[in-house]
Amino acid sequence: MDAIRIYGGKCLDGQTRIQGSKNASLPVLAATLLIKGTCEIENCPEISDVYHMLRLLESLGCKVTREGTLVRVNTEQVSECDMPADSVGVMRSSIMLLGALLARVGSVKMDYPGGCVIGARPINLHLQSLRNMGVAVEEGEGGFSACVNRLKGASHRLPFISVGVTENLILAAVLAEGTTVIEPAAGEPEIQTLCEFLQQAGAKIEGIGSDRLTIHGVERLFPVRFRIPADRIVAGTYLAACMCAGGRVFLQDTPRHHMESVLACAGQMGAKLKFEPDGMLVTCRTKPTGCESLVTGCYPAFPTDLQSLFMVVMSVSGRQGWIEETVFENRFRIVPELRKMGADITVYKNRAYVGGRGRLHGAVVQAEELRGGAALVAASLAAEGTSIVTNRHYIDRGYEDIVLSLRELGAEIELA
Ligand code: UD1
């Protein structure tokens, strides 16, 4: 049962609620390590990445309880210990625990983190930046150890923008001695959420949302109750699905203010968007018109996490165009699978050229990573005939229940 069967070629019609954000909840959960006592995190999505993060927190001594999407983390008893290699291995966000653990217990031993196979995804910049804060790092075969007495604030001039490094440095800096400056800092909404959570707990952070963050270390943080915002990538996924299949869907809780580039692109491609106080109505009565070019980038540019979904939209549009991927070098892994469905796409370096064929047919295709897997499901909705997408577990890393949500949106889809 690790596959999804989709009966394609039918328009969507329905409504679904957008879950809490994966990329916001993971660093916030890591941040609870910095706060002695019990934090309550609402709207935490029920996805496997969150499950792995909670397991990692438990392995460090935290007491974790969960009632649906409300998670309570009690961090009174955190102790250093080896983290379960299987959880560290499957999820790149486990690196987030590094900054928080160094602040809390001063010593960390972990395997190199895993995650989606969308590029080399090294952690050199994480380790180098933490060295600047006084951390001694020793790298070995499959992992590394790091230790520090007390983290020291530092000025970081990063060679490029990294979401993960920015988050790790924020976590290391909030309880550090002195002031830390991160430049250029990533400005993704998930970073803003992490900063807001920490501020509510008593951290002193300036420049939130800008490319320069200044963090003044404080002596301690205090437990809080905090709500994770809706997931802009999941909202973008169901928007793209509707554009591929056609129809009319209401996406409740769409975080539209964090989706400007995506909504602009969808509008250009012919989707009619209507904003209501509790969500977004998407109407796609005709095929998407496609676009000439799409370039991914750091926020507020078009997010790399939605690149493969919009590659599918472009593939069904019947218009030639190209996509340039500037963040991860290996994010075109779905191209051979989309070709099995009749897509006309060629890749040259970091550009994918989408031909004007405009029709897809059902096929058995394999998900190889999270967003690419969701994109194959969207392609299957648009394709004539039946498709099977295998390796559903990749999709489960980021979607609470993609089958249920798409059924709510009127798709004919089931577990296989
Ligand atoms: C986060 C998101 C991911 C998103 C990405 C870019 C989470 C859990 N994941 O990933 O969904 O696609 O931001 O928006 O929030 N790099 C290095 N050395 C390092 C660190 C990064 O070379 O030490 C490179 C990466 O290989 C990549 C680029 O920097 O090419 C950007 O990666 P980064 O922004 O760090 O992405 P993640 O934090 O891994």
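Residues numbered from 1 in each chain as written. Predicted model: local features only at pLDDT ≥ 70, side-chain atom pairs only at ≥ 80, totals over all residues. Heavy atoms only, no water.

Participant: How should the sheet that holds strand β15 (residues 272–276) be read in this particular structure?
Facilitator: Two orientations exist for strands paired in a sheet by backbone hydrogen bonds: parallel and antiparallel. The sheet built from four strands is open, its strands ordered β2-β14-β16-β15 with mixed pairing. Of all strands in the sheet, those bounded by a partner on one side alone are β2 (12–17) and β15. The average angle at which neighbouring strand axes cross in this sheet is 10°, direction not considered. Note: β2 against strand β14 (residues 247–252), six bridges, orientation parallel. What sits directly across from D13, in β14, is R248. (Pairing = 2+ DSSP bridges. Helix = DSSP H or I, 4+ residues; strand = E, 2+ residues; numbered from the N terminus. Axes fitted to C-alpha atoms, helices over the stretch in contact; angles between N-to-C directions.)

Participant: Got a minute to help me understand the site of the ligand in this structure?
Facilitator: For the ligand, the set of nearby residues contains 19 residues, the closest of which are R92, N124, S162, D305 and V327. A distance of 3.4 Å separates an oxygen atom of the ligand from a polar atom in the backbone of H126. Interatomic distance of 2.7 Å between a backbone N/O atom of V327 and an oxygen atom of the ligand. Burial of the ligand by the protein amounts to 86% of the accessible area it has alone, namely 760 Å². Counting residues per element, the shell around the ligand draws most heavily on helix α5 (residues 124–131), which supplies three residues. Of the residues in the shell around the ligand, the class split is seven nonpolar, seven polar and five charged. Both domains that furnish three or more residues to the shell around the ligand are identified here as domain 1 (3–18 + 230–415) and domain 2 (22–227). (Near = heavy atom within 4 Å. Polar contact = N/O pair within 3.5 Å; in protein donor to acceptor, adjacent residues only side chain to side chain. Areas by Shrake-Rupley, 256 points an atom, 1.4 Å probe, with all protein chains shown as cover. Nonpolar A, V, L, I, M, F, W, Y, C, P; charged D, E, K, R; others polar. Domains from an automatic or database assignment.)

Participant: Looking at this structure, I do not really get the packing of aromatic side chains. What am I missing?
Facilitator: By convention here, two paired aromatic rings are described through the distance between centres and the angle between planes. Enumeration over the complete set of coordinates arrives at four aromatic pairs. Between F197 and F226 the ring centres are 5.3 Å apart and the planes differ by 75°, which places this aromatic pair in the edge-to-face class. Within this pair, whereas F197 is found in helix α7 (residues 189–200), its partner F226 is found in strand β13 (residues 225–227), the two being separated by 29 residues in sequence. For the pair shown, F197 and F226 are each scored as buried. Sitting above the plane of the F275 ring, R256 keeps its charged end 3.9 Å from the centroid. The ring centre of W322 lies 3.6 Å from the NZ or CZ of R351, which sits over that ring. (Phe/Tyr/Trp six-rings, centres within 6.5 Å; stacked < 30°, edge-to-face > 60°. Buried < 20%, exposed > 50% of the residue type's maximum accessible area, 1.4 Å probe, protein only. Lys NZ or Arg CZ within 6 Å of the ring centre and 35° of its normal.)

Participant: Before we go on, may I ask you to explain the environment of N149 in this structure?
Facilitator: Structurally, N149 is set in the loop between β8 (143–147) and β9 (155–157). Residue N149 is classed as exposed on the basis of its relative accessible area of 84%. When the C-alpha positions of N149 and A176 are compared, they lie 10 Å apart, and in sequence the two are 27 residues distant.

Participant: Can you walk me through helix α8 (residues 232–245) in this structure?
Facilitator: Think of an α-helix as turning once every 3.6 residues; residues three or four places apart then point the same way. Spanning 14 residues, α8 covers 20 Å between terminal C-alpha atoms, matching the ideal 20 Å at 1.5 Å per step. Most of α8 sits inside the fold, with 14 of its 14 residues counted as buried. The N-cap of α8, judged by a side-chain oxygen 2.8 Å from the amide nitrogen of I233 a few residues on, is D231. Phi turns positive, to about 85°, at G246, one or two residues after α8. (Expected span 1.5 Å × (residues − 1).)

Participant: Sorry if this is basic, but what is going on with a negative patch on the surface here?
Facilitator: Where like charges cluster on the molecular surface, the negative patch consists of E46, E400, D401 and E408. Position of D401 relative to the elements: it lies in the loop between α13 (392–396) and α14 (402–408). (Patch = residues over 30% accessible without salt bridge, like charges linked within 9 Å, V, L, I, M, F, W, Y side chains within 5 Å. Salt bridge = Lys/Arg side-chain N within 4 Å of Asp/Glu carboxyl O. Lys, Arg positive; Asp, Glu negative; His and termini not counted. Charge placed at Lys NZ, Arg CZ, Asp CG, Glu CD.)

Participant: What exactly am I supposed to notice about the nonpolar core here?
Facilitator: Across soluble globular proteins, nonpolar side chains show a tendency to be buried alongside one another. Ranked by size, the top nonpolar core spans 76 residues in total, and within it L29, I170, F197, L198 and L221 carry the most contacts. If you look at the next biggest cluster of nonpolar residues, it comprises 72 residues, including M259, M269, I345 and V365. (Core = buried A, V, L, I, M, F, W, Y, C linked by side-chain atoms within 4.5 Å.)

Participant: Whenever I open this one, the pairing of strand β16 (residues 279–284) confuses me. Can you help?
Facilitator: Along any regular strand, the residues point their side chains to alternate faces of the sheet. Here β16 lies mainly inside the structure; six of its six residues are buried. The two faces of β16 match: G279, L281 and T283 on one face and M280, V282 and C284 on the other face are all buried. Here six bridges tie β14 to β16, and the two strands are oriented antiparallel to one another. Paired with F250 across the two strands is L281, which belongs to β16. Summarising the sheet, β15 and β16 pair through five bridges and their orientation is antiparallel.

Participant: Help me out: how do you make sense of the packing of helix α6 (residues 163–173) against α7 in this one?
Facilitator: Between two packed helices, the angle of one axis relative to the other and the distance separating the axes together describe the packing. Taken N-terminus to C-terminus, the directions of α6 and α7 make an angle of 10°; their axes are 10 Å apart at the nearest point. Here α7 runs roughly parallel to α6, going by the angle between their axes. Each of V163, T166, E167, I170 and L171 in α6 lies in contact with α7, whose residues at this interface are E190, I191, L194, C195 and L198. A class-by-class count of the residues in the contact of α6 with α7 yields seven nonpolar, one polar and two charged. (Parallel < 35°, antiparallel > 145°, perpendicular 65-115°, else oblique. Contact = heavy atoms within 4.5 Å.)

Participant: I'm lost on the domain arrangement of the protein chain in this one. Help?
Facilitator: You'll often see interface size given as the accessible area lost when the parts meet. Taken domain by domain, the protein chain comprises domain 1 (3–18 + 230–415) and domain 2 (22–227). Listed by partner, the interface residues are 22 residues for domain 1 and 25 residues for domain 2. With both sides pooled, the region where domain 1 packs onto domain 2 buries about 1,900 Å², and carbon together with sulfur makes up 50% of that total. Put simply, domain 1 and domain 2 have two salt bridges between them. With its nearest N and O atoms 2.8 Å apart, the salt bridge here joins E190 to R232. In this assembly, domain 1 and domain 2 are joined by eight residue pairs in polar contact (both at pLDDT 80 or more). Residue composition of the side of domain 1 that touches domain 2, by class: six nonpolar, three polar and 13 charged. (Buried area = accessible area lost by both parts, 1.4 Å probe.)

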